[in-house]
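Commentary on secondary and tertiary structure
Here is how the chains run, residue by residue.
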Amino acid sequence: AQKITQTQPGMFVQEKEAVTLDCTYDTSDPSYGLFWYKQPSSGEMIFLIYQGSYDQQNATEGRYSLNFQKARKSANLVISASQLGDSAMYFCAMRTFNQFYFGTGTSLTVIP
Amino acid sequence: GAGVSQSPSNKVTEKGKDVELRCDPISGHTALYWYRQSLGQGLEFLIYFQGNSAPDKSGLPSDRFSAERTGGSVSTLTIQRTQQEDSAVYLCASSSLAGGLADTQYFGPGTRLTVL
């Protein structure tokens, strides 16, 4: 069963605009962690932001914020003021006790 | 300090041969993870080690895949009798386990395996 779903294979955004990358997840565990990673064309996975299932507030890290809607099981990534260097693949991931799940990714292209 | 390193960076092998992929985690990191990323796909979790033991090996795709970690440091992922469908990028990550569920994984550059 698909645990992490990213429905946007590709997205385009104008430089300096904000963009939302969608992620929904499926788990029956009450405790879980949600992550977003960036994978530039160089291939390395770069950690961006984390949200815990018990966290009351949405996580923020600089220009990145995570829109966590627990009842809807969604964990969308919001990138504000997009930059050309934000062009990359973005993966949503979930960790439960001993299992780790990644989505299929969204390719983001920032247009000058 | 050094990040996660993996070797080789590229490996081309013939169908039916065995291959060994190596991962050297960040010094002091207790946990080590292996993933497989096929072309255009997300990451498929294979196995993770807490110290030298792997609590759950159910993510390994078949019994041709095995992994070990010795001395709480370097790990080797071995694929026996390689098949063309094993072609992928194999990523390794490590973490300190200090953060529980929030524990951040730091990834290596990957090994690109091509089975001819």
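Refer to the structure printed above.
An account of the accompanying structure is given in this report. As the structure is a computational prediction, the values presented were derived from the model and not from experiment. (Residues numbered from 1 in each chain as written. Chains lettered and ligands numbered in written order. Predicted model: local features only at pLDDT ≥ 70, side-chain atom pairs only at ≥ 80, totals over all residues. Heavy atoms only, no water.)

**Quick notes on the packing of aromatic side chains**
Under the defined criterion, the tally for this structure stands at 15 aromatic pairs over all chains. Plain terms: the ring middles of Y37 of chain A and F47 of chain A are 5.9 Å apart, the flat faces sit at 70° to each other, and that makes the pair edge-to-face. Here Y37 of chain A is found in strand β5 (residues 33–39), whereas its partner F47 of chain A is found in strand β6 (residues 46–52), with 10 residues between them in sequence. Y37 of chain A gets classed as buried once you look at its relative accessible area, which sits at 2%. For the pair Y37 of chain A and F102 of chain A, a centre-to-centre distance of 5.8 Å together with 40° between the ring planes defines the contact as tilted. Placement of the pair is Y37 of chain A in strand β5 and F102 of chain A in strand β11 (residues 100–102), with a sequence separation of 65 residues. The buried category is assigned to F102 of chain A, whose relative accessible area is 11%. One aromatic cluster in this structure is built from F35, Y37, F47, Y50, F100 and F102 of chain A together with Y33, Y35, F45, Y48 and F107 of chain B. Geometry around Y64 of chain A places R63 of chain A over its ring, the cationic atom sitting 5.7 Å from the centre. (Phe/Tyr/Trp six-rings, centres within 6.5 Å; stacked < 30°, edge-to-face > 60°. Helix = DSSP H or I, 4+ residues; strand = E, 2+ residues; numbered from the N terminus. Buried < 20%, exposed > 50% of the residue type's maximum accessible area, 1.4 Å probe, protein only. Lys NZ or Arg CZ within 6 Å of the ring centre and 35° of its normal.)

**A look at empty space enclosed by the protein**
Tallying each qualifying case throughout the model produces one cavity of 30 Å³ or more. Size it by volume and the largest cavity reaches roughly 50 Å³. Surrounding the largest cavity, F35, Y37, A93, M94, R95, F100, Y101 and F102 of chain A together with Y35, D103 and Q105 of chain B form its lining. When its residues are assigned to classes, the lining of the largest cavity shows eight nonpolar, one polar and two charged. (1 Å grid on protein atoms, 1.4 Å probe; cavity = no way out; pocket = protein on both sides within 12 Å on 5 of 7 lines; lining within 4 Å. Points joined across faces, edges and corners; volume = space filled by probe spheres on them. Nonpolar A, V, L, I, M, F, W, Y, C, P; charged D, E, K, R; others polar.)

**As for the sheet that holds strand β6 (residues 65–69) of chain B**
Residues and elements named next belong to chain B. The strand order β1-β3-β7-β6 describes an open sheet built from four strands, whose pairing is antiparallel. A strand with exactly one partner marks an edge of an open sheet, and here the two such strands are β1 (5–7) and β6. Direction aside, the axes of adjacent strands within the sheet are offset by 15° on average. Both β6 and strand β7 (residues 75–79) contribute to a ladder of five bridges, which runs antiparallel. Residue pairing across strands places F65 opposite I79, the latter belonging to β7. (Pairing = 2+ DSSP bridges. Axes fitted to C-alpha atoms, helices over the stretch in contact; angles between N-to-C directions.)

**Observations regarding the pairing of strand β8 (residues 64–69) of chain A**
Residue and element names in this part refer to chain A. Of the two faces of β8, only the one carrying Y64, L66 and F68 is buried; S65, N67 and Q69 on the other face are not. One ladder, built from two bridges, connects strand β7 (residues 60–61) with β8; its direction is antiparallel. Each bridged residue has a counterpart across the sheet, and for E61 the counterpart in β8 is Y64. In sequence, β7 turns back onto β8 through a hairpin of two residues, with G62 there showing a positive phi of about 60°. Both β8 and strand β9 (residues 74–79) contribute to a ladder of six bridges, which runs antiparallel.

**Details of the interface of chain A and chain B**
Bring the parts together and some accessible area is lost; that lost area is often taken as the interface size. Counting from both sides, the interface comprises 19 residues of chain A and, opposite them, 23 residues of chain B. Summed over both sides, the interface of chain A with chain B buries roughly 1700 Å², with 57% coming from carbon and sulfur. Contact with chain B buries area across many residues of chain A, yet R95, F100 and F102 of chain A alone supply 33% of it, more than any other trio. Linking chain A to chain B there are one salt bridge. With a closest N to O distance of 3.7 Å, D103 of chain B and R95 of chain A form a salt bridge. Linking chain A with chain B are three residue pairs in polar contact (both at pLDDT 80 or more), by the criterion used here. Residue assignment for the side of chain A that touches chain B shows that the elements contributing at least two residues are β5, β6, β10 (88–95) and β11 of chain A. (Contact = heavy atoms within 4.5 Å. Buried area = accessible area lost by both parts, 1.4 Å probe. Salt bridge = Lys/Arg side-chain N within 4 Å of Asp/Glu carboxyl O. Polar contact = N/O pair within 3.5 Å; in protein donor to acceptor, adjacent residues only side chain to side chain.)

Shape descriptors only; they carry no functional weight alone.
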